Amino acid sequence: MPDNQNIIHTLSSATINQIAAGEVVQRPSSVVKELMENAIDAGATRIDVIIQDAGRTLIQVIDNGKGMSPDDSVKAFERHATSKISDAEDLFALTTMGFRGEALASIAAVSRVELKTRRQADELGSRVEINGGELALQEMINCQAGTQILVKDLFYNIPVRRKFLKKNETELRNILNIFEQIALVYPGICLTLTNNGSTIFNLGKENYRQRIASVCGDKTGKELLTIDVDTVLAHISGFISTPDTTVKKSPSQYFFVNGRYIQHPYFAKAVLLGYERLIPADCKPQFFIYFDVEPDKIDVNIHPTKTEVKFEDEQSLFPIIVSAVKEALASSCSMPGLMFDQEDRIEIPVAPVDFSGLKTPPVTGNTNYNPFSSHSSASSHAAKPVTGWERLYDGTSKEEEILKSSDRLAGYEIVDSVKPLFRGFVYNGKYIVCSSDKGVLLVNSYRASLRIAYDRLSKMIESGHSEGQMLLFPEILELTATENVTFRENKSLFESVGYGFEEFGHTAYKLTSIPSSLAGDYINSIKELLSDPDVCNVRESFRERMLMSLAKKSTRQSDVSGSEEAEKIISELFKSRTPSVTPQGLPIFFELDSDFIKNKIG
Ligand code: ADP
Ligand code: MG
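A short tour of the structure in this document, coming up. The structure displayed is predicted, hence computed values, not measured ones.

Cut-offs applied
- Residues numbered from 1 in each chain as written.
- Chains lettered and ligands numbered in written order.
- Predicted model: local features only at pLDDT ≥ 70, side-chain atom pairs only at ≥ 80, totals over all residues.
- Heavy atoms only, no water.
- Buried < 20%, exposed > 50% of the residue type's maximum accessible area, 1.4 Å probe, protein only.
- Helix = DSSP H or I, 4+ residues; strand = E, 2+ residues; numbered from the N terminus.
- Pairing = 2+ DSSP bridges.
- Phe/Tyr/Trp six-rings, centres within 6.5 Å; stacked < 30°, edge-to-face > 60°.
- Salt bridge = Lys/Arg side-chain N within 4 Å of Asp/Glu carboxyl O.
- Axes fitted to C-alpha atoms, helices over the stretch in contact; angles between N-to-C directions.

**Observations regarding the pairing of strand E17 (residues 431-436)**
With respect to burial, E17 is a largely interior element, five of its six residues being buried. Of the strand pairs in this sheet, E17 and strand E18 (residues 439-444) are connected by five bridges, and their pairing is antiparallel. In the strand pairing of E18, Val-433 is matched with Leu-442. In this antiparallel pair of consecutive strands, E17 and E18, the connection spans two residues.

Put into structure tokens, the structure is as follows:
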């Protein structure tokens, strides 16, 4: 190649648009967000979102907003075409959602778009078709006032991007998240969301509290405390959960600034600080906090898809949020007797602790232990003798007894060639110590039971023979729209482990039976699974998480009750194909082989 050859060239506008689209349109939910925001900016009071295959094949947004003129309906798709700012100065006085004029151009560059729009006063509307950023058609048509946009075959012209889309379940969840974020901040707008013909949301005009209940469930909506503070920096209003309605998993935690959902870890810390010592460490509060700020007090000139906003004076807002939360909690009856001092500083009392029932902790280790006595129990739980069990391990057991024990294991698939022989005892109520053919085995009984329960449940799913127990008094499972989506996808899985459901309204079910091993709060154990944020995690299937959670719920943490139980655990454990680790991968037993012992003590 000659040295003077020029190699730099300008990219075509189609390519530039596709590259830029990468920033704005990452996945179907980004399209939903941009189109809904445009509809809101157009003053719509009703927005219908219709999707197919989680947005992969179709995203349609219909609004009753102000519509566009025929000329604007074409111009809207040009890069940097916007009606929202004229110069950089305007950036600091923005009250609308979009402003860069990038969204429609970006969406059109990576899909097939059809737009129909009409202004109220116009007789005819305009229809525009754009494929991969190229204008294919514009015509005048009869259509309803407002704007309808159809986005088909997202990323049809960029196979790499298409390949990076997650499974439908995940993409739909992202869309639901976006939809909910918008729904929570515009309760006055009627909103619907339909996927593959089934209605997920149908929200009428509501107030904030009602909207929170419609989106996050009645239980969350009913128990909210109000926050309302006016300062020079911002007007802060909204709702927080009472200390008794905090949740363990995936709490609804939302901040909004001037009508837009944002994430703000620093302010979230302030809210948590407000709850300090009022809720258990593993519980999380729910909150819906809305900031109204002068546009010039926040930096909105950030990436369009980012949800972070920088406030001018975050340090000063922090303590304001803390005390707003404390004040709301103090005014609720859940905190009787809380007083403010003159400077409005709030003293939060430590949650009352009853010390009267506390006793000196018991000495661990058996002080009576005599290694030469066959009757001394090595367990510190001396009050709970493991009768019968010790007899085998007092050193006088006969060879044939041992043989009999190993016979019983003959049919099992032994992994790591560990062959437990039933000679042992229970140490500290928790560990089963027994001999194996190679040495000494120490088994964590809880972990072993977890493995056993998990295997039993997964066998149940494989065999199709579920063991359920009928509930004498059926309980009602009420789900939010999002939870219901996950539930419908996995209903048969629930049924395969023994759950029984009857339809009971749009997103409610009557729970008629439960897995036979399950104890405790059945309804919450289902809800916990459905609202788990990791539900999007593709690496771990819902089945895996359900089995894990059920196994945990059906395994007691209590001490091994005696020889019979210990023996049963050992024999069940070694029937497993993977007896050495729990389903989460934690070791279950530990073997001191004879070489190790010899090495140590000859
Ligand atoms: P931005 O929203 O940043 O201005 P967009 O590419 O999203 O950029 O939209 C470009 C322009 O098209 C908007 O400024 C607006 O004038 C017009 N527009 C887009 N969607 C709608 C709608 N649903 N109703 C009325 N006008 C719209
Ligand atoms: Mg926009």
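From this point on, the discussion continues.
**Side note on the packing of aromatic side chains**
If you walk through the whole model with that rule in mind, you get 25 aromatic pairs. Considering the side-chain rings of Phe-487 and Phe-494, the 5.7 Å spacing of their centres and the 35° angle between planes classify their relative orientation as tilted. The interplanar angle of 85° and the centroid separation of 4.9 Å between the aromatic rings of Phe-487 and Phe-501 together place this pair among those described as edge-to-face. Separated by 14 residues along the polypeptide, Phe-487 in helix H13 (residues 481-496) and Phe-501 in strand E20 (residues 500-503) bring together distant segments of the chain.

**Considerations on the pattern of salt bridges**
Enumeration according to the criterion identifies 23 salt bridges in this entry. For the salt bridge of Arg-119 with Asp-122, the shortest nitrogen-to-oxygen distance reads 2.8 Å. With relative accessibility at 34%, the residue Arg-119 sits in the partly exposed group. Residues participating in the shared-partner salt-bridge network are Glu-114, Arg-127, Glu-129 and Glu-139.

**Observations concerning the sheet that holds strand E6 (residues 146-152)**
Judged by pairing direction, the sheet is mixed, and its eight strands sit side by side in the order E5-E4-E3-E6-E2-E1-E7-E8 without closing on themselves. The open sheet terminates on both sides in strands that have one partner only, identified here as strand E5 (134-141) and strand E8 (198-203). Each neighbouring strand pair of the sheet contributes to a mean axis angle of 10°, computed without reference to strand direction. Here strand E3 (residues 112-118) pairs with strand E4 (residues 125-131) via six bridges, running antiparallel. In the strand pairing of E4, Glu-114 is matched with Glu-129.

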